[in-house]
Amino acid sequence: HAVFLGIPSQKILQGKPKEVSWMMFCPVLILSLVCVIFGVFAYQLPLKYIIYPIVGIISLPERNLVNIPTILIILGIFLGLAVYYLSRSKKVSRSDNCFIGGETISVENKVSGTEFYNTIKEFGLFNGIYKKAEGGLFDIYEQAKILVLGVGKFLQYLHNGILPTYLVWTLLGMIILFWNLFR
């Protein structure tokens, strides 16, 4: 919501938005190169040297280094880059106001992220689901917290400070432990 419907900051409105730093750009570039190399040369690199030795395939079938689909993909990439660089005479960019339903929208009338889903929330079936979600029914951390606190309350109830009660719980614990070890 913030990326597509949010209001740009004053820093972006006053100047040029700057590109990401090399520390964000390099990991993405390295991962994309690894994906392309492992996809194009799947047999030559990951299968031959990583996967097949692990699963124990001893004899490997001989294959060509590069097959026809790989050649066509590489040719398409080079052709696309050539068309892009030859057709690009100058960089053209423009900015415009937000266009919503035929009229420009002001900052005061901008839809916030919390009100964006209210139209769906007002349907009968979804209204009950949203109320349960707001109560934390689908939140695994909330459910785990309830379970842990419930077990803690039960253990607090058992921790009453009377010595014979502790001895009974210790004896029951030892019986369960020995039962599991020696059956």
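Right, let's walk through the structure included here. (Residues numbered from 1 in each chain as written. Predicted model: local features only at pLDDT ≥ 70, side-chain atom pairs only at ≥ 80, totals over all residues. Heavy atoms only, no water.)

**Quick look at the overall build of the protein**
Worth spelling out the cut-off: To qualify as a helix, a DSSP run of H or I must reach at least 4 residues; to qualify as a strand, a run of E must reach at least 2; elements of each kind are numbered from the N terminus. Partly exposed residues are those whose accessible area sits between 20% and 50% of the maximum for their type, while under 20% is buried and over 50% is exposed, using a 1.4 Å probe and protein chains only. Each accessible area is a Shrake-Rupley estimate made with a 1.4 Å probe; only the visible protein chains count as cover when residues are assessed.
Looking only at helices and strands, the protein has eight helices and two strands in total. Starting at the N terminus, the α and β elements of the protein follow one another as α-α-α-α-β-β-α-α-α-α. Counting across all 183 residues of the protein, residues that qualify as buried make up 4%. For the protein, the exposed area adds up to about 17,100 Å²; of that, 69% sits on carbon and sulfur atoms.

**Thoughts on the packing of aromatic side chains**
Using the following cut-off: Any two rings among Phe, Tyr and Trp, with Trp reduced to its six-membered ring, count as a pair given centres within 6.5 Å; such a pair is stacked if its planes are under 30 degrees apart, edge-to-face if over 60, and tilted if neither.
As enumerated under the stated definition, the model contains two aromatic pairs in all. Here the aromatic rings of Tyr84 and Tyr85 are separated by 5.1 Å at their centres, their planes lie at 70°, and the arrangement is edge-to-face.

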